[in-house]
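Take a look at the letters that make up each chain.
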Amino acid sequence: MSSVHVLGNPSARDGRAQLDEVLEACRRRGVDAVAIEADTVADARAATAGVVADGTSRLIAVGGDGVVHIAVNAVAETETVLGVVPLGTGNDFARALELLAGSVDEQVDRALADASPVDAIRSDHGWIASVATLGFSGDVTARANGLAWPRGSARYTVATLLQLQRLRTLPVALEVEGRQIGDATTLLAVGNTAYFGGGMRICPSASPDDGLLQAVSIGDVPRHRFVRVFPTVFSGGHVDRPEVSTATGSWATIDGPEDIDVWADGERLGPLPIRLDVVAGAVLVAGFGLL
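For the structure given in this document, a descriptive report is provided here. Here the structure is a predicted model, which is why all the values come from computation and not from measurement.

### A few points about the layout of surface pockets
Argument step 1. As a volume, the largest pocket reaches approximately 790 Å³.
Argument step 2. Among the elements of the structure, α2 (41–53), α3 (65–75), α6 (136–145) and α7 (154–163) are those that each provide at least two residues to the lining of the largest pocket.
Argument step 3. Across the lining of the largest pocket, the residue classes tally to 10 nonpolar, 13 polar and 8 charged.

### Structural notes on the pattern of salt bridges
Argument step 1. Going through the model one piece at a time under the given rule, you end up with 12 salt bridges.
Argument step 2. Ionic pairing is found between Arg225 and Glu243, a salt bridge with its closest N-O pair at 3.4 Å. Of this pair, Arg225 sits in helix α8 (residues 223–229) while Glu243 sits in the loop between α8 and β12 (244–249), placing them 18 residues apart in sequence.
Argument step 3. Accessibility expressed as a relative area gives 10% for Glu243, which makes it buried.
Argument step 4. Between Glu243 and Arg241 there is a salt bridge whose closest N-O contact spans 3.3 Å.
Argument step 5. For Arg241, a relative accessible area of 25% translates into the label partly exposed.
Argument step 6. Three or more residues are tied together by salt bridges with common partners; here these are Arg28, Arg29, Asp105 and Asp109.

### A short note on the pairing of strand β13 (residues 251–255)
Argument step 1. Because side chains alternate across β13, one face comprises the buried residues Ala252 and Ile254, and the other comprises Trp251, Thr253 and Asp255, none of which is buried.
Argument step 2. Looking at chain direction, strand β8 (residues 173–176) and β13 are connected through 4 bridges and run antiparallel. Looking across to β13, one finds that Val176 is bridged to Ala252.

### Focus on the packing of α6 against α7
Angle between the axes and distance between the axes are the two parameters that describe a pair of packed helices.
Argument step 1. Between α6 and α7, whose axes approach to 8 Å, the crossing angle comes to 120°. As the angle between them shows, α6 and α7 are arranged oblique. Note that α6 runs across α7; the crossing there is right-handed. Contact with α6, carried on its side by Phe136, Asp139, Val140, Arg143 and Ala144, involves Arg155, Tyr156, Ala159, Thr160, Leu162 and Gln163 of α7 and no other residues of that element.
Argument step 2. Grouping the amino acids of the contact of α6 with α7 by side-chain chemistry returns 6 nonpolar, 2 polar and 3 charged.

### As for the packing of aromatic side chains
Argument step 1. Enumeration over the complete set of coordinates arrives at 3 aromatic pairs.
Argument step 2. Here the aromatic rings of Phe136 and Phe226 are separated by 4.9 Å at their centres, their planes lie at 70°, and the arrangement is edge-to-face. Linking Phe136 in helix α6 with Phe226 in helix α8, this pair joins segments that are 90 residues apart in sequence.
Argument step 3. For Phe226, a relative accessible area of 0% gives the class buried.
Argument step 4. Between Phe226 and Phe230, the ring centres sit 5.5 Å apart and the planes meet at 15°, which makes this aromatic pair stacked.

### Remarks on empty space enclosed by the protein
Argument step 1. Overall, the coordinates contain 1 cavity of 30 Å³ or more when judged by the stated rule.
Argument step 2. Counted as a void, the largest cavity has a volume near 210 Å³.
Argument step 3. Taken together, 20 residues line the largest cavity, and the ones lying closest to its centre are Asp92, Thr141, Tyr156, Phe196 and Gly197.
Argument step 4. Of all the secondary-structure elements, those providing two or more residues to the lining of the largest cavity are β7 (131–135), α6, α7 and β14 (261–264).

### Points about the packing of α2 against α3
Argument step 1. Interaxial distance between α2 and α3 falls to 9 Å at its minimum, and their mutual angle equals 35°. In this structure, α2 crosses over α3, and the sense of that crossing is right-handed. Contacts between α2 and α3 involve Val41, Ala44, Arg45, Thr48, Ala49 and Val52 from the first element and Ile70, Ala74 and Val75 from the second.
Argument step 2. Each residue belonging to the contact of α2 with α3 can be placed in one class, and the counts come to 7 nonpolar, 1 polar and 1 charged.

### Side note on the sheet that holds strand β11 (residues 213–218)
Argument step 1. Taking strand neighbours across the sheet as the criterion, the 6 strands line up as β12-β11-β10-β7-β14-β15 in an open arrangement whose pairing is antiparallel. Each edge of the open sheet is held by one strand with a lone partner, namely β12 and β15 (267–271). The average undirected angle you get between the axes of adjacent strands in this sheet is 20°.
Argument step 2. By the bridge criterion, 2 bridges tie β7 to β14 in an arrangement that is antiparallel. Looking at β14, one finds that Ala132 is bridged to Ala264.
Argument step 3. α6 rests against β7, β10 (187–191) and β14 of the sheet, and its axis sits at about 95° to β7.

Scoring rules and cut-offs
Residues numbered from 1 in each chain as written. Predicted model: local features only at pLDDT ≥ 70, side-chain atom pairs only at ≥ 80, totals over all residues. Heavy atoms only, no water. 1 Å grid on protein atoms, 1.4 Å probe; cavity = no way out; pocket = protein on both sides within 12 Å on 5 of 7 lines; lining within 4 Å. Points joined across faces, edges and corners; volume = space filled by probe spheres on them. Helix = DSSP H or I, 4+ residues; strand = E, 2+ residues; numbered from the N terminus. Nonpolar A, V, L, I, M, F, W, Y, C, P; charged D, E, K, R; others polar. Salt bridge = Lys/Arg side-chain N within 4 Å of Asp/Glu carboxyl O. Buried < 20%, exposed > 50% of the residue type's maximum accessible area, 1.4 Å probe, protein only. Pairing = 2+ DSSP bridges. Axes fitted to C-alpha atoms, helices over the stretch in contact; angles between N-to-C directions. Parallel < 35°, antiparallel > 145°, perpendicular 65-115°, else oblique. Left-handed = near helix turned anticlockwise from the far one by under 90°. Contact = heavy atoms within 4.5 Å. Phe/Tyr/Trp six-rings, centres within 6.5 Å; stacked < 30°, edge-to-face > 60°.

Structural measurements only, silent on function.
Structural data, given as structure tokens:
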């Protein structure tokens, strides 16, 4: 490999230790990996874009979906291969691509393996690796990001329970390939992959290599009905309920008030309105399809 750079999570408590562990694992395999040094997320974005622009052959993202989000925004539609060592909170991108299993050493082996093309969603506010979402799910993500405890995917469970009392209906219009899917939602998601929120199968039909996205909307329902629908998101069974609308296509638009934020890959993406286009094979991902 001509050059390998490793990106960690500058905001994570164990981010530096995780980065050093992966660097050492690379070096044991004879790979001269270089750390991307950054103290803030903004610095990480700029530095990562810089090493990709300079032609690094491989970028290894160490952490969760937020780090993957930074990496995908740098490598999309380039020849740089993306490797993922999923040591974060949600790890939904790695889960969807079957990159989550094994020890750190096994994950590093996959991150250094041959690559296959994976789709990504291009939006007005940047690239999306997994799922764009708003409404209750966006509010939960914002709440989870502000919690110091618990760690891991349990943080999303706690945030969900806290946010249920503030459930709201949003006046947004979703269109998928020109077909309107409702005019109000309590939870809306548009997925390139199936998972968000640390393992919830919000878009169960979404596949990372089919050139399509899946849109899912839980409509204008009262809290007591939402509470019955939402637990089925973990299995993907929510899409069979009458309160839920779904559609599949290569592009979608979401229109609504500008003070409604869209979230993607566990990060704030930007305000409405937004257009989302699947770009087939936009990212070369190491280890995808090996299992």
